[in-house]
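Observations on the three-dimensional arrangement
Spelled out, the chains give:
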Amino acid sequence: MKVRAAVLERVGGPIEVQELDLQVPQPGEVLVKVLATGVCHSDWHLVTGDTKHPLPVVLGHEGAGKIEILGPGVTGLEFGDLVALNWAPSCGVCFYCTHGRPALCAAYVGPIWQGTMLDGTTRFSRRGEPVYHYSALACFAEQVVVPAVCCVKMPPLFSPEIAAVIGCAVTTGVGSVLNTAHVAPDSSVVVIGAGGVGLSTVIGAKYARAGLIIVCDPLESRREAAVELGGPAVEPLPQTITGLSRSGLTGVVPLSKVDPDLIKRLTEGRGADYVFECVGTPALQELAFECARPGGTVVLSGLSPNGSSTNLPGSRIVREEKTVMGSYYGTADPARDFPRYAQLYHDGQLPLDKLVSHRYSLDQINDAYADMLSGKSTRGVIVF
Ligand SMILES: [Zn+2]
Ligand SMILES: [Zn+2]
């Protein structure tokens, strides 16, 4: 069948909407009619070349849709099911899957980064030549074929837009708080970068009943969104008062840059209990370390460019007993976590609807990325 999809031909872009051929699902796969796909920075990393990937590729990895065709041997899914798509499918039998860490599944990492289905071939093609799939999903397309293991059932009348953002930003951000760091009530939390993942981290920190949440982002629109999601706003210290303890306060302090000295003053001179670096920039990861108190935890959840490295002082990691943790996809078990986040949203405990600020058609995808980069949108979603 013919489908329209957003294709990246070369590093540097642009992203082009093209008509592609889509093959029917093979054993263990399903065809999904895509309803909504979030505009996430990770796709942009392919445009800039920070993430290396075979090209041409159909982008999109934060999606939700309805099952339309079941491939041979698929069980547990039915025609018409609303599903959120998991971009890190897991095999269920390897060491990591059987030890509660399916986001680290070793079995499917290879094919996913080759841009193919789990059997090493693509379902998209153009004039007989393969077109690759980003992260097994490629859901900036009207219809996609995905591994059935990527599909997590959502309640039938659930919002496809919310289901989509649960598929990446929410699971990465909220999961980094709840699953990776296990943030304790009343603790101080710094969130560096207030894009989709950072704002989801704020939502998670508020849900975990953190005390002070200090959000650092150069864009005022994102700082305002962070206050709306995690507030009330707490003003940074007046210039005339130094050494004032702000412990016991609850709310969000918006900062335009990462300022370890100010963050120490906001946390009784110690530094924060938890620092989340949600951007993936080595310089910010190094600053994150400075913002954590001795005995505190630094969580790196932003995806860094392939091959980059971060210079952290080993001597101080030991002497100050700081813990540096990686958090990949929020240490998720999507089959467990997606329905949980959906339920918490339904119960009014996670304001995920406030994450989605802009909606676009597939043809507006370059506008959607421009708005993400300028900070005009908090989370844009392509709706089909
Ligand atoms: Zn993403
Ligand atoms: Zn596995």
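Basis of the calculations
- Residues numbered from 1 in each chain as written.
- Chains lettered and ligands numbered in written order.
- Predicted model: local features only at pLDDT ≥ 70, side-chain atom pairs only at ≥ 80, totals over all residues.
- Axes fitted to C-alpha atoms, helices over the stretch in contact; angles between N-to-C directions.
- Helix = DSSP H or I, 4+ residues; strand = E, 2+ residues; numbered from the N terminus.
- Parallel < 35°, antiparallel > 145°, perpendicular 65-115°, else oblique.
- Left-handed = near helix turned anticlockwise from the far one by under 90°.
- Contact = placed C-beta atoms within 7 Å.
- Nonpolar A, V, L, I, M, F, W, Y, C, P; charged D, E, K, R; others polar.
- Domains from an automatic or database assignment.
- Core = buried A, V, L, I, M, F, W, Y, C linked by C-beta atoms within 7 Å.
- Buried ≥ 20, exposed ≤ 12 C-beta atoms within 10 Å, placed from the backbone.
- Pairing = 2+ DSSP bridges.

Re the packing of helix H4 (residues 196-207) against helix H5 (residues 220-230)
Contact geometry of H4 with H5 gives a least axis separation of 9 Å together with a crossing angle of 25°. With respect to H5, the element H4 is oriented roughly parallel. When the axes of H4 and H5 are compared, the crossing they make is right-handed. Across the interface between the two elements, Leu 199, Val 202, Ile 203, Ala 205 and Lys 206 from H4 touch Ala 225, Ala 226, Leu 229 and Gly 230 from H5. Of the residues assigned to the contact of H4 with H5, the class counts are seven nonpolar, one polar and one charged.

What about the domain arrangement of the protein chain?
The domains assigned to the protein chain are domain 1 (2-153 + 351-383) and domain 2 (172-329). Placing a centre on the C-alpha atoms of domain 1 and another on those of domain 2 gives a separation of 30 Å. Contact residues are listed per partner, giving 17 residues for domain 1 and 16 residues for domain 2. The dominant element in the side of domain 1 that touches domain 2, judged by the number of residues it contributes, is helix H1 (residues 41-48), at three residues. Here the side of domain 1 that touches domain 2 is composed, by residue class, of five nonpolar, seven polar and five charged.

Things to note about the nonpolar core
Val 58 and Val 190 are the most contacted members of the largest nonpolar core, which totals 118 residues. Residue contributions to this core peak at 11 residues, all from helix H3 (residues 160-181). Counting residues domain by domain, this core receives three or more from each of domain 1 (2-153 + 351-383) and domain 2 (172-329). In this structure, Val 190 is in contact with Ile 214, Cys 216, Ile 263, Ala 272, Val 275, Phe 276 and Cys 291, ignoring residues within four places of it in sequence.

Some words on the sheet that holds strand E2 (residues 15-22)
Strand order in the closed barrel made by the five strands is E1-E2-E7-E8-E4, with mixed pairing throughout. As defined by bridge partners, E2 adjoins strand E7 (residues 124-126) across two bridges and the pair is classed as antiparallel. From the neighbouring strand, Asp 21 faces E7, where its bridge partner is Ser 125.

Brief notes about the environment of Gly 296
Tracing the backbone through its elements, the reader meets Gly 296 in strand E15 (residues 292-300). Separated by 271 residues in sequence, Gly 296 and Pro 25 place their C-alpha atoms 48 Å apart. With residues near it in sequence (within four places) discarded, Gly 296 still touches Gly 271, Ala 272, Asp 273, Tyr 274, Val 275 and Lys 322.

Remarks on helix H7 (residues 282-291)
For H7, the full list of buried residues reads Gln 285, Leu 287, Ala 288, Phe 289 and Cys 291. Taken together, the buried residues of H7 touch strand E11 (189-192), helix H6 (260-266), strand E14 (272-277) and E15.

Topic: the sheet that holds strand E12 (residues 212-216)
The strand order across the open sheet formed by six strands is E13-E12-E11-E14-E15-E16, and the pairing between neighbours is parallel. Looking along the sheet, the strands with just one partner apiece sit at the ends: strand E13 (251-255) and strand E16 (323-326). Looking at each pair of strands side by side, their axes are set apart by 20° on average, direction ignored. For E12 and E13, the ladder comprises five bridges, and the chain directions are parallel. Paired with Val 215 across the strands is Pro 254, a residue of E13.

Section: the packing of H3 against H4
At their nearest, the axes of H3 and H4 sit 7 Å apart, and the two run at 45° to each other. As the angle between them shows, H3 and H4 are arranged oblique. When the axes of H3 and H4 are compared, the crossing they make is right-handed. Where H3 approaches H4, its residues Ala 169, Val 170, Thr 172, Gly 173, Val 174, Ser 176, Val 177 and Leu 178 are matched on the opposing element by Gly 196, Val 197, Gly 198, Leu 199, Ser 200, Thr 201, Ile 203, Gly 204 and Ala 205. A class-by-class count of the residues in the contact of H3 with H4 yields nine nonpolar, eight polar and no charged.

Here's the deal with the environment of Leu 31
Its place among the elements puts Leu 31 in strand E3 (residues 29-38). The sequence separation of Leu 31 and Lys 66 amounts to 35 residues, and the corresponding C-alpha distance is 8.5 Å. Look past the residues within four positions of Leu 31 in its chain and what remains in contact with it is Val 24, Pro 25, Glu 68, Ile 69, Gln 143 and Val 145.

Here we look at H1
Listed in full, the buried residues belonging to H1 are His 41, Ser 42, Asp 43 and Leu 46. As for H1, its buried residues are in contact with strand E1 (2-8), strand E4 (57-58) and helix H10 (365-374). Just beyond H1, the residue with positive phi is Gly 49, at close to 90°.

Observations regarding unusual backbone geometry
The omega torsion across Gly 13 and Pro 14 is 5°, close enough to zero to call that bond cis. Topologically, Pro 14 is positioned in the loop between E1 and E2. Omega for the peptide link from Leu 55 to Pro 56 comes to -5°, which places this bond in the cis form. In this structure, Thr 331 is a non-glycine residue whose phi angle is positive, near 45°. As for its position among the elements, Thr 331 is in the loop between E16 and helix H9 (334-346).

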